[in-house]
Each structure stands twice: as C-alpha cells, then as structure tokens.
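Structure assessment
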2 protein chains.
Amino acid sequence: MHDITKLFKALSEEVRLRILGLLIHGELCVCYLMAALNLPQSTVSRHLTYLVNAGWLEGERRGVWMYYRFSGKSDNLRRDLLAVLTTRLMEIPEVTRDHERLKEYLRTKPTSACG
Amino acid sequence: MHDITKLFKALSEEVRLRILGLLIHGELCVCYLMAALNLPQSTVSRHLTYLVNAGWLEGERRGVWMYYRFSGKSDNLRRDLLAVLTTRLMEIPEVTRDHERLKEYLRTKPTSACG
DNA sequence: GACACGCATCCGCCTATGCGGATAAACAAT
DNA sequence: ATTGTTTATCCGCATAGGCGGATGCGTGTC
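I will try to describe carefully the structure that is included in this document.

Conventions we followed
Residues numbered from 1 in each chain as written. Chains lettered and ligands numbered in written order. Predicted model: local features only at pLDDT ≥ 70, side-chain atom pairs only at ≥ 80, totals over all residues. Heavy atoms only, no water. Phe/Tyr/Trp six-rings, centres within 6.5 Å; stacked < 30°, edge-to-face > 60°. Helix = DSSP H or I, 4+ residues; strand = E, 2+ residues; numbered from the N terminus. Buried < 20%, exposed > 50% of the residue type's maximum accessible area, 1.4 Å probe, protein only. Least-squares fit on C-alpha atoms with pLDDT ≥ 70 in both. Contact = heavy atoms within 4.5 Å. Near = heavy atom within 4 Å. Polar contact = N/O pair within 3.5 Å; in protein donor to acceptor, adjacent residues only side chain to side chain. Nonpolar A, V, L, I, M, F, W, Y, C, P; charged D, E, K, R; others polar. Buried area = accessible area lost by both parts, 1.4 Å probe. Salt bridge = Lys/Arg side-chain N within 4 Å of Asp/Glu carboxyl O.

In total, this model carries 3 aromatic pairs over all chains according to the counting rule given. Considering the side-chain rings of Phe-8 of chain A and Phe-8 of chain B, the 6.5 Å spacing of their centres and the 25 degrees angle between planes classify their relative orientation as stacked. Taken together, the positions of Phe-8 of chain A in helix α1 (residues 2-10) and Phe-8 of chain B in helix α1 (residues 2-10) put the pair across two chains. You can call Phe-8 of chain A buried: its relative accessible area is 1%. With centroids separated by 5.5 Å and ring planes inclined at 85 degrees, the aromatic side chains of Tyr-32 of chain B and Tyr-105 of chain B adopt a geometry described as edge-to-face. Here Tyr-32 of chain B, found in helix α3 (residues 30-37), pairs with Tyr-105 of chain B, found in helix α6 (residues 93-108); they are 73 residues apart in sequence, far enough to count as distant. A relative accessible area of 7% places Tyr-32 of chain B in the buried class.

So, in structure tokens, the structure goes:
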C-alpha cells in the first residue's frame, strides 16, 4: 500500500505533474527541463529525485548530462495511470505552456546545452 | 492545476484509498465505514471531509445518519482515474480485507446501526 | 427544554515536504 | 592537479496534514 500512496503523492505537486507532462513525448535532459519549466536547478533536481524514488522515472547519466524518462518498470496501476496521464496532462494549460517554452528553447538552443 | 493536485493528494493516503475502495460498490453510511475500516470516528470523519473537499465524494444526511458516495460531478481526468481505481483498488490487500470486515459487519449488523 | 446519538471539528503533538541559494559530488578537459 | 560544467543534496524556514481523544454541532424523541 505504501508504494501506491507514494505513486499518488508524487502526482500531488504541480511541478512534478509538469515534469511528467514534458516527458510524455520522450526522455529529456535536465537542462531542457529547467528551461521548459523556467525553474531553478535545485527545484527541478529535487522533484526529479522524488519522481525516481516514487517509481515514475528513471535517470541515465551521459557524461555531465543527466537524462530522465518514464520508468521501464511496469505494474497494473502505474500502467493504467500512465495511460490516463498521457492524454489528460496535455489538457492542462500549465503543461501546454511548458511545451511551448521547450519548443522555443529547442529553436534557440544554446550551444552550451547538451547534445 | 490546483484542483488536479488536490485530486491526487486525496489519493496519497492509505485511509482515503481504503474509503474509496469501500465505496466502489455504492454509497455507505459512516457507521459502516467505521466498522469496515476499524478506525475511530474522528479519523474516518476527517478523511471523508477531505475527500469531499477534493471533489471525490459527496455526502447526504438522512436523519442522524450520514451517507457518502462518489461525487456526481464529472470531468475527464476524474472519470478516467475513477475507472482505474474501480479495478485496481480491489487488487490491494488492505482494501479486500476491509470488504471482508464490512461483510462480517453486515452479517452481524447491530440494531443500533443505520438503515 | 432535556436527553441521546451520530458525526464534524478542535486541539496538541508530530511528521512530511514545499521553497531556492549554497555547497558537495560527479564528470570532463587540460 | 586544476579548472569548469552539470546536477544532487544540504540548509533554514515555512506550510500542510497525519493521529485520536475531547468537544461542539446537528438531528430526533419525549
């Protein structure tokens, strides 16, 4: 039961929902998440760690860069919830706004950002 | 966005998931919930109020008795989540145990109980 | 109005977790 | 080893909300 409440608790914070909303279309580096969310690095990092510990995400380091994506682990509840999130998160204005910001960042893409 | 995080936060506590699990088959009076959950009245009442405020439940008073059921209000996210909960909550041992307790209570059903 | 019952809320105590700047740790190049 | 970059974690502060017994509020009967 503790695993389950942890799954839902992870979804009970705006920043974390926004992160999941950004990762729906595939993995992203922290530097992109920071730009899209327009939040300080420590805030983003803290929430990513929470989502990993709750079982939603997994991270992969590539050099200095850290990428996050939805966890490959799968159980019935998480799979069902993920299906719901995949459609419903995109209906949230804050999430669509983040996607616009991400697109803009990709277009202007500083050379200092990850490959 | 605040409504959405509130929905998930409501699901992030064991007692509240257990309450929702008990209400899946239909409305129940608080006295039944207390018996099935085997928890003090104040604890049950507090969580019921939280679930009402989060948008999951609605209550109806009948004399001194208070009945709760899933809210008639419907939006996309809540409807999808409810569909998930309807199947997945019954897979949780604590929830099935509550149902057994409820059945036992119904069988022995003190005359002082509602209905 | 008095009394009884069911249930919402208060209360004191405690734990969990939000925030962002500072710092530590990990990685890479020289 | 030094320097630079990215990111995880610490820190102090603040808010939210868990617990259950006590109390207040609402309903019903006499």
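Moving on, we get to the relation of the copies chain B and chain A. If you rotate chain B by 180 degrees and push it 0.0 Å along the axis, it lands on chain A with an RMSD of 0.0 Å. Such values leave the two copies arranged in the relation of a two-fold axis. Here 100% of the contact residues of chain B are again contact residues in chain A; the copies associate through an equivalent surface.

In the neighbourhood of DNA strand C, 26 residues make up the surrounding shell, with Arg-16, Thr-43 and His-47 of chain A together with Ser-45 and Tyr-68 of chain B lying closest. Counting only the atoms of DNA strand C within 4 Å of the protein, the fraction contributed by sugar and phosphate is 67%. In this structure, Arg-46 of chain A approaches DNA strand C through a side-chain N or O atom, which is 2.8 Å from a phosphate oxygen. In the model, a phosphate oxygen of DNA strand C is placed 2.5 Å from a nitrogen or oxygen of the Tyr-68 of chain B side chain. Those elements that place two or more of their residues in the surface near DNA strand C are α2 (14-23) and α4 (41-54) of chain A together with α3, α4 (41-54) and β3 (65-70) of chain B. Among the residues making up the surface near DNA strand C, the classes are represented as 10 nonpolar, 9 polar and 7 charged.

Here we come to the interface of chain B and chain A. Frequently, the measure chosen for interface size is the accessible area that the parts lose on association. Each side of the interface is counted separately: chain B has 23 residues, and chain A has 24 residues. Summed over both sides, the interface of chain B with chain A buries roughly 2000 Å², with 73% coming from carbon and sulfur. Taken as a group, Met-1, Phe-8 and Arg-88 of chain B account for 32% of the area that chain B buries against chain A, more than any other trio of residues on that side. On the surface where chain B and chain A come into contact, there are 2 salt bridges. The closest approach of N and O atoms between Asp-80 of chain A and Arg-88 of chain B, which form a salt bridge, is 2.6 Å.

This part covers the pattern of salt bridges. Pairs can form between side chains of opposite charge whenever their charged atoms are close. All names here are of chain A. Under the definition given, this model contains 26 salt bridges over all chains. Residue Asp-75 is joined to Arg-78 by a salt bridge in which the shortest nitrogen-to-oxygen separation is 2.8 Å. Owing to a relative accessible area of 29%, Asp-75 belongs among the partly exposed residues under this scheme. The salt bridge partner of Arg-107 is Glu-104, with a shortest N-O separation of 2.5 Å. Taken as a pair, Arg-107 and Glu-104 lie in helix α6 (residues 93-108) at a separation of 3 residues, close to a single helical turn. Given the relative accessible area of 61%, Arg-107 is considered exposed. When salt bridges with common partners are traced through the structure, they connect Glu-27, Glu-58, Glu-60, Arg-62 and Arg-69 into a single cluster.

The local shell around DNA strand D holds 27 residues, among which Ser-45 and Tyr-68 of chain A together with Arg-16, Thr-43 and His-47 of chain B are the closest. In the interface set of DNA strand D, defined as its atoms within 4 Å of the protein, sugar plus phosphate atoms amount to 62%. One of the backbone N or O atoms of Val-64 of chain A is found 3.1 Å from a sugar or linking oxygen in DNA strand D. Contact distances for DNA strand D include 3.1 Å between a phosphate oxygen and a backbone N or O atom of Met-66 of chain A. Contributing elements (two or more residues each) for the surface near DNA strand D: α3 (30-37), α4 and β3 (65-70) of chain A together with α2 (14-23) and α4 of chain B. For the surface near DNA strand D, a count of residues per class yields 11 nonpolar, 9 polar and 7 charged.

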